[in-house]
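# Summary of the model geometry
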Amino acid sequence: MGSLFQRVRFTSSGTVILFLLITALLTGCEAQSEESVASSPPPPEVDVAEVVVQRVVLSEAFTGRVEAAETVELRARVSGYIQEVAFEEGELVEQGALLFLIDQRPYLARVGAAQADLAQARSQLAQAGSEAERARVLVGRQAISQEVHDQRQAALNNNRAMVDAAQAALESAELDLEYTRITAPISGRVGRAMVTRGNLANADQSLLTTLVSIDPVHVYFEADEQAAFASQTLLAGEAPNILMIELGGDSQRQYKGTLDFIDNRLNPNTGTLQFRAVLANPDGHIRPGEFARVEMPVARLEQALLVDRKAVLTNQDRRYVYVIDENNLAERRPVTTGRQVDEMTVITEGLTAGDRVIVNGVQKVFMPGMEVSPQQVANVPPINAQPTIAAREE
């Protein structure tokens, strides 16, 4: 009986001990779980922005060259030896400024001789006029024959012609004398002197120097047939067409030019159409012959989808963005990109209006489906920005 009581007591004590052990074990697991939950990091913060829907004008870049609006090759119009070069090579000159002076002495002598010939012709004309008048009176009195009268009238007309010829010879001599002073026909920058003092300049042959205008300058470029005809629809309005022009491959030298000429036919050898832009150059820093890169509009997208270009990631030749769903989970979305619009990229496939994409902090997303803490940021440019933006090839 005593042994049975002892066995029952031992069994009861073991049950209690086992219960206490299980309770302690469960309590420890719960505490460890709560500690684990308390120590897990919160979702990383990322900047997100909605996809922008905006009208965009697409542009393409074309190469061209700067040319002077006016270019003059100065040649001597009379022959003679150069007496003076009256300019500094490469300087700016005003219209009418003296550039070259040809020895004037032979031409001054010709002017003097022409003046003497004219004076003689006028004296002879006066005498012939007097004789013709006397003949008119005498023939009325029948004091001379009609033949003599006619001869004196013919002599008068002949002397009149001689005066006209002498006058023309004098004007020609004076014009040749004027041509000894070679002046600038336009305002601009003069080149180097090709004929210097003491050398012979031959009329209509010797190139003396070149002169180019500096303000404005022209930028000529050519577009392929497809882009040329696509752009003409956008350029057909009455408002001036503003083009962005970059010179010398230098991003710091960007200017705005105005399209003012489109050629009337395609070049059959190249299949291109020539365009011309006018570029202001008041300080003369732009020189003819410079390389130019011209961006011209070629198409318009009425409902373009735009995202910040920092949101677009690349995996080899594939591009993708991270889109945040309603549960704040980051979803990897492949996209097809179009052209660049300032700091934005046109998305042609993969996104819809209203999608939220990660623009900053994408390095915190270690895997698709990861929870994040999105922070809304403004779009660049904002949706209410200028409705038409020029885009370029990426």
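Residues numbered from 1 in each chain as written. Predicted model: local features only at pLDDT ≥ 70, side-chain atom pairs only at ≥ 80, totals over all residues. Heavy atoms only, no water.

Moving on, we get to the pairing of strand 20 (residues 356-360). On a regular strand, each side chain points to the face opposite its neighbour's, so the side chains alternate between the two faces of the sheet. Relative to strand 20, strand 1 (residues 45-50) runs antiparallel, the two sharing four bridges. Residue pairing across strands places Glu50 opposite Arg356, the latter belonging to strand 20. Relative to strand 20, strand 17 (residues 318-324) runs antiparallel, the two being bridged by two bridges. Within strand 20, the residue paired with Ile324 across the bridge is Arg356. (Pairing = 2+ DSSP bridges. Helix = DSSP H or I, 4+ residues; strand = E, 2+ residues; numbered from the N terminus.)

Moving on to the environment of Ala76. Mapped onto the fold, Ala76 is located in the loop between strand 3 (71-75) and strand 4 (80-85). Its relative accessible area of 0% is what places Ala76 among the buried residues. Taking C-alpha positions, Ala76 is 9.9 Å from Leu200, a pair spaced 124 residues apart along the chain. When sequence neighbours within four positions are dropped, the list of residues in contact with Ala76 reads Ile102, Ile182, Ala201, Asn202, Ala203, Asp204, Ser206 and Leu208. (Buried < 20%, exposed > 50% of the residue type's maximum accessible area, 1.4 Å probe, protein only. Contact = heavy atoms within 4.5 Å.)

Another aspect to go through is the pattern of salt bridges. Considering all chains together, one arrives at nine salt bridges under this definition. One salt bridge in this structure joins Asp103 and Arg105, with 3.0 Å as the shortest N-O distance. Taking the shortest distance from any N to any O, the salt bridge between Asp260 and Arg276 comes out at 3.0 Å. You can see Asp260 sitting in strand 13 (residues 254-262) and its partner Arg276 sitting in strand 14 (residues 272-279), a full 16 residues away along the chain. Owing to a relative accessible area of 39%, Asp260 belongs among the partly exposed residues under this scheme. The network of salt bridges with common partners includes Glu331, Arg333 and Asp355. (Salt bridge = Lys/Arg side-chain N within 4 Å of Asp/Glu carboxyl O.)

Spatial ordering of the open sheet is given by 3-10-8-5, a layout of four strands whose pairing is antiparallel. With one partner strand each, in any of the chains shown, strand 3 and strand 5 (92-93) form the two edges of the open sheet. Summarising the sheet, strand 5 and strand 8 (residues 188-190) pair through two bridges and their orientation is antiparallel. Within the sheet, the bridge partner assigned to Val93 lies in strand 8 and is Gly188.

Our next topic: the layout of surface pockets. If you add up the space inside the second largest pocket, you get close to 240 Å³. Looking at the second largest pocket, the residues that line it are Glu73, Leu74, Arg75, Arg77, Glu178, Tyr179, Arg181, Ile182, Thr183 and Pro185. Those elements that provide at least two residues to the lining of the second largest pocket are strand 3, helix 3 (146-179) and strand 7 (181-183). Across the lining of the second largest pocket, the residue classes tally to four nonpolar, one polar and five charged. (1 Å grid on protein atoms, 1.4 Å probe; cavity = no way out; pocket = protein on both sides within 12 Å on 5 of 7 lines; lining within 4 Å. Points joined across faces, edges and corners; volume = space filled by probe spheres on them. Nonpolar A, V, L, I, M, F, W, Y, C, P; charged D, E, K, R; others polar.)

The next thing to look at is the confidence of the model for the chain. Model confidence for the chain is summarised by a mean pLDDT of 82, while 84% of its residues fall at 70 or above. Mean pLDDT values for the elements of the chain range from 48 in strand 22 (residues 390-391) up to 96 in strand 6 (residues 98-102). Counted against residues more than four places away or in other chains, residues 1-11, with its pLDDT under 50, gives zero contacts. Low pLDDT, under 50, characterises residues 382-390; the predicted model gives this stretch 20 contacts beyond four residues in sequence or across chains. (pLDDT = per-residue confidence, 0-100.)

Moving on: the side chain of His218. Secondary-structure assignment places His218 in strand 11 (residues 217-224). When sequence neighbours within four positions are dropped, the list of residues in contact with His218 reads Arg65, Val66, Glu67, Ala69, Asp260, Arg276, Ala277 and Val278.

The buried fraction of strand 6 is high, at four of five residues. Pairing of strand 4 with strand 6 involves three bridges; the strand directions are antiparallel. The partner of Glu84 across the bridge, within strand 6, is Leu101. Pairing analysis gives three bridges linking strand 6 to strand 7, with the strands arranged antiparallel. Residue pairing for strand 7: Phe100 is matched across the bridge by Ile182.

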